Amino acid sequence: MSASVVLASECPPDDPGFCAPSVLEFFPKPLATFDLFGVHFAITRITIIMWIATGLMVWFFVAASRNMQLIPGRRQYFAESGYSVIRDGVAREVIGTEGLRFAPYLASLFFFILINNIMGIIPFAQIPPTGKFAIPVVLAAITYVLFNWVGIRQQGLGPYFKNNLFPAGVPKPLYVLITPIEFFSTFVFRPFTLAVRLFANMLAGHLLLAIFAAGTVYLFTVGNFSVIFAPVSFVMTVIMTFFELLVQVLQAYVFVVLTSTYIAGAMEEAH
Amino acid sequence: MSDGWAVVGTLFAGVVVWGGIGWLIDLWLDTTFVKAIGVLVGLATAIYLVVVKYGDTG
Amino acid sequence: MSVLAELTGNIGTVAYGLAAIGPGIGVGIVFAAYIQATARQPESAALTRTYLFLGFALSEALAILGFVVPFIIT
């Protein structure tokens, strides 16, 4: 058991002392590397986990939408319920009837983030690919481009920036102070926090689980009186796994709700 | 729910933007206290902005 | 006099941890008052929302100051 923990946590098998898992967990040895247009690509264990997870999700939805009946079978019922959580519960609720246009994007976003987050607690995978900063950055960038493009197309380039940067009801001289804050808050802070919130939650959760699991193994195998603390560490691993499940689902949901709120804000600014 | 994040974000943005401008002015004029003034000005402006945007029959 | 015990680290993080206690309680009190007032008289919700955000922003400002001051006073 200690061999597989060492394999998974990238720790050199040194006897004295406890090798705590660190951020290097997210940079495992690459299985294959290649260069394309001057960019260095590396296929690691995390890439394979992301492909398998996304493949499972795509397969599930494609298989459920084949041969669709009026009275749904079980697989179609699950897929439809899942899609309706986003389409009715988020898109229609936050954006309104216009929101149904964005429901496919929001649902894909939600299920992609959800399945990749859950890989953090599935055995043999046990690392969430969304804990690598590049993936939340790209998702936040897509959302950023989307809500700006929707806003500009809806209201025109000038009125969109005017409505965002110059809030109503402020005496004229204060605009000098307020406009940089509004610009930063809308165009820099929003996508940045969208990405960092998802990334930091996944990173912290994974490190927490890794430390408790590695600590359990270490306390069992160290051979002195510390072994009485091993059950405590094990119980904490189990508790944190359930807590991590909650956090993973919640973070996927929060990402999608915030995306739809930004889209709603960009579309309704005509007041 | 997203209003809460927007308010905290506006407060942070006020501090960062005007603290940053104060810091750049510090580098330009070789003083040490303009950073603190910038942070306070930014904080006050951000509080005013929050009340204007989210209060007032919001 | 020899050093008997030593604790090293970043005191800015300790300072923020201490600074977050007060505003945390303050924000809780502000929102608790708003929720109670709205529960007693729901029509007043729009009237008191201004004070809700004012109270929240003022309390939160102290926590944000506590986060930023270690970076300024270097």
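Here, every reference points to the structure presented above.
These numbers were taken from a predicted model, which means no experiment stands behind them.

Observations regarding the interface of chain C and chain B
At step 1: Contacts between chain C and chain B engage 14 residues on the former and 18 residues on the latter.
At step 2: Class assignment for the residues of the side of chain C that touches chain B results in eleven nonpolar, one polar and two charged.

A few points about the interface of chain A and chain B
Put simply, an interface is often sized by how much accessible area is lost when its parts join up.
At step 1: Listed per partner, the contact involves 14 residues of chain A and 15 residues of chain B.
At step 2: Those elements giving two or more residues to the side of chain A that touches chain B turn out to be α7 (175-221) and α8 (230-267) of chain A.
At step 3: Considering every element that reaches the side of chain A that touches chain B, the biggest residue donor is α7(A), with eight residues.
At step 4: Each residue belonging to the side of chain A that touches chain B can be placed in one class, and the counts come to ten nonpolar, four polar and no charged.

So, the packing of helix α3 (residues 74-95) of chain A against α8(A)
All names here are of chain A.
At step 1: Following both chains from N to C, one finds α3 and α8 inclined at 30 degrees, their axes separated by 8 Å at the closest point. Helix-helix and strand crossings are classified by hand; for α3 and α8 the assignment is right-handed. Residue-level inspection shows Ile-86, Val-90, Ala-91, Val-94 and Ile-95 of α3 in contact with α8, the latter providing Val-256, Val-257, Ser-260, Thr-261, Ile-263, Ala-264 and Met-267.

Considerations on the nonpolar core
At step 1: Among the nonpolar cores identified, the biggest contains 39 residues, and A:Ile86, A:Leu106, A:Phe110, A:Phe255, A:Val256 and A:Ile263 are the most heavily contacted of them.
At step 2: Of all the elements in the fold, those that place two or more residues in this core are α2 (45-64), α3, α4 (103-118), α5 (134-155), α7 and α8 of chain A.
At step 3: Beyond its immediate sequence surroundings of up to four residues, A:Leu106 is in contact with A:Ile86, A:Val90, A:Ala91, A:Val256, A:Thr259 and A:Ser260.
At step 4: Core analysis: the second largest hydrophobic core is formed by 30 residues, A:Ile178, B:Val16, B:Leu43 and C:Ala57 among them.

Cut-offs and rules
- Residues numbered from 1 in each chain as written.
- Chains lettered and ligands numbered in written order.
- Predicted model: local features only at pLDDT ≥ 70, side-chain atom pairs only at ≥ 80, totals over all residues.
- Contact = placed C-beta atoms within 7 Å.
- Nonpolar A, V, L, I, M, F, W, Y, C, P; charged D, E, K, R; others polar.
- Helix = DSSP H or I, 4+ residues; strand = E, 2+ residues; numbered from the N terminus.
- Axes fitted to C-alpha atoms, helices over the stretch in contact; angles between N-to-C directions.
- Left-handed = near helix turned anticlockwise from the far one by under 90°.
- Core = buried A, V, L, I, M, F, W, Y, C linked by C-beta atoms within 7 Å.
- Buried ≥ 20, exposed ≤ 12 C-beta atoms within 10 Å, placed from the backbone.

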